[in-house]
Structures are given as C-alpha cells and as structure tokens.
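Understanding the architecture of this molecule
This is what each chain is made of:
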Amino acid sequence: MKIKKLNEKTYNKINELARDDLSYPLLISPILEKENNSNKILYIGQETNTWYKNKSHINLTFLENKYCSFLKDNATHRNFWQFINEILNYEPLISNIIWANCFICEKKEKRGTPIVTNELIQISIDYLVEIYNELKPNKILIVCGSNYPYYIVIESFLRKIGVNNKELLNTCLSKDNLYHSFKTADNTTTVFWTYHPTFLYINKKACDIKIQIKEEFNL
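In this report, we go over the structure that sits alongside the text. (Residues numbered from 1 in each chain as written. Predicted model: local features only at pLDDT ≥ 70, side-chain atom pairs only at ≥ 80, totals over all residues. Heavy atoms only, no water.)

Pairing between the strands of a sheet is mediated by backbone hydrogen bonds and can be parallel or antiparallel. Taken in spatial order, the five strands make up an open sheet running E2-E1-E3-E5-E4, and their pairing is mixed. On the outer flanks of this sheet lie strand E2 (97–101) and strand E4 (179–183), each paired with one strand and no other. Within this sheet the neighbouring strands show an average axis-to-axis angle of 15°, counted without direction. Along the sheet, helix H3 (residues 79–87) contacts strand E1 (41–45), E2 and strand E3 (139–143); its crossing angle with E1, the most-contacted strand, is approximately 160°. Helix H5 (residues 118–135) rests against E1, E2 and E3 of the sheet, and its axis sits at about 165° to E2. (Pairing = 2+ DSSP bridges. Helix = DSSP H or I, 4+ residues; strand = E, 2+ residues; numbered from the N terminus. Axes fitted to C-alpha atoms, helices over the stretch in contact; angles between N-to-C directions. Contact = heavy atoms within 4.5 Å.)

Now the structure itself:
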C-alpha cells in the first residue's frame with residue numbers, strides 16, 4: 001500500500017525533527033487507495049489546529065483512522081468546513097474530498113502557522129505531491145491565500161504536478177482579485193486557488209466564490 005508507506009515515511013520524518021512545538025501531522029487514510037478518487041476535490045488548507053498533540057498514546061494508525069472518522073462525521077461547523085460542505089451540497093465529505101494541509105503540521109498549542117523551517121517546507125511539499133500522484137484527483141481547491149509562508153509550499157507543489165510556470169506568474173490574491181483558476185499542463189486537473197473561507201465570509205464574498213468554484217469544477 002503506497003499511501004501507508006508514504007505515511008510511515010512522513011511520520012518518521014516529522015518525528016526526526018524533534019520539535020515539541022508541532023501538532024501531529026495530518027495524514028490521509030490508506031483506505032482512499034481502494035476508491036476511485038479521480039472526481040474528488042483535493043481540498044488544501046490549514047485547519048487542523050493542534051491536531052492531537054496533547055494526547056498521549058497516539059500512533060500512526062490512530063491518526064489514519066481519525067482522518068476517516070473526522071470526515072465521516074462531516075468535520076466541524078467551522079467556516080473551512082461550512083464552505084466545502086455548501087459547495088458539495090452537503091454530500092458526504094469522505095466520498096467527495098481528499099483533505100490535506102498546506103503545512104503538514106500546525107502548532108501544538110493555539111492556532112496559527114508553525115515556525116517554518118526548510119525541513120518542514122520540504123516534507124509538506126513532498127507529501128502533497130505524492131498524494132496527488134497516487135490518488136490522481138482532477139480538481140484541486142486551495143484555500144490558504146497567497147501570502148508568506150503558504151505560497152512557498154503551494155507554488156512549489158503546483159509546479160511539481162505540472163502547472164505551467166506562466167500560470168504562476170500572477171498568483172497574488174487581493175480584494176480585487178480573490179481567486180485564480182488554471183489547469184495542469186496536461187489539461188487533466190483544474191486548480192482553484194482562493195482565500196481561507198473565514199476571510200471570504202467576513203468580506204461577504206463566499207457566495208460569489210462558491211458559485212465560481214462550482215462552475216470551474218462542473219459541480
């Protein structure tokens with residue numbers, strides 16, 4: 001099972017960092033390998049918020065199982081999840097998305113971006129690339145803005161999966177430019193990159209962006 005081996009490798013790399021400030025990594029369930037993932041949305045954000053770091057006796061299997069149970073319960077009522085649920089008309093998340101973090105870990109305590117190192121950046125990029133290559137979804141929805149440090153991971157990931165460099169020249173988001181949409185060079189995958197849903201809801205732009213996403217993804 002390639003995803004299982006990928007998770008083991010990634011889990012060990014995170015442990016080797018020996019950073020007590022990080023949450024556990026968000027690792028997808030190997031169960032997804034048994035499914036047809038081509039029509040799913042790879043939903044990339046930064047929403048795990050202290051993902052089980054303060055609990056004891058956590059292991060890789062627990063994290064993989066928790067990934068499934070969390071999505072089967074349709075996640076939480078936070079804006080991040082309300083946004084994708086409304087796009088999917090509340091169809092089951094577990095059947096319609098592959099959920100991934102931009103940075104594979106968050107802070108151990110409180111919300112926010114962890115201290116960014118080259119090692120954490122590379123582990124995060126490699127994990128996104130490998131799950132995309134293994135599961136081959138044809139839609140990618142990125143909801144973490146284009147500011148530092150997120151754009152470092154996202155732009156590198158998009159280049160590695162075949163998005164043309166020309167498409168990435170003008171990916172800076174602003175209030176006048178709330179999203180970018182483009183395809184991979186082989187025309188197999190549609191990418192939609194916008195702000196975090198909380199920003200969109202606060203600025204009363206979430207409805208317009210959801211309509212645009214549905215059009216781009218043919219939902």
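Still more to cover.
Before going further, it helps to spend a moment on the environment of Asn147. Its location among the elements puts Asn147 in the loop between E3 and helix H6 (150–160). When its relative accessible area of 43% is taken as the criterion, Asn147 is described as partly exposed. Placed 72 residues apart in sequence, Asn147 and Leu219 show a C-alpha to C-alpha distance of 28 Å. (Buried < 20%, exposed > 50% of the residue type's maximum accessible area, 1.4 Å probe, protein only.)

Here the structure, examined in full by the defined rule, presents 13 aromatic pairs. Here the aromatic rings of Phe70 and Trp99 are separated by 5.3 Å at their centres, their planes lie at 25°, and the arrangement is stacked. In this pair, Phe70 sits in helix H2 (residues 60–72) while Trp99 sits in strand E2, placing the two residues 29 residues apart along the sequence. Trp99 shares its class with Phe70; the two are buried. Look at Trp81 and Trp99: their rings are 4.9 Å apart centre to centre, the planes differ by 80°, and that puts the pair in the edge-to-face class. With Trp81 in helix H3 and Trp99 in strand E2, this residue pair connects regions lying 18 residues apart in the sequence. Judged by relative accessible area, Trp81 falls into the buried class, the value being 1%. (Phe/Tyr/Trp six-rings, centres within 6.5 Å; stacked < 30°, edge-to-face > 60°.)

Turn by turn, an α-helix covers 3.6 residues, leaving residues three or four places apart pointing in a common direction. Looking at H6, one finds that the buried residues are Tyr150, Val153, Ile154, Glu155, Phe157 and Leu158. Those residues of H6 that are buried lie in contact with E1, H5, E3, E4 and strand E5 (190–194).

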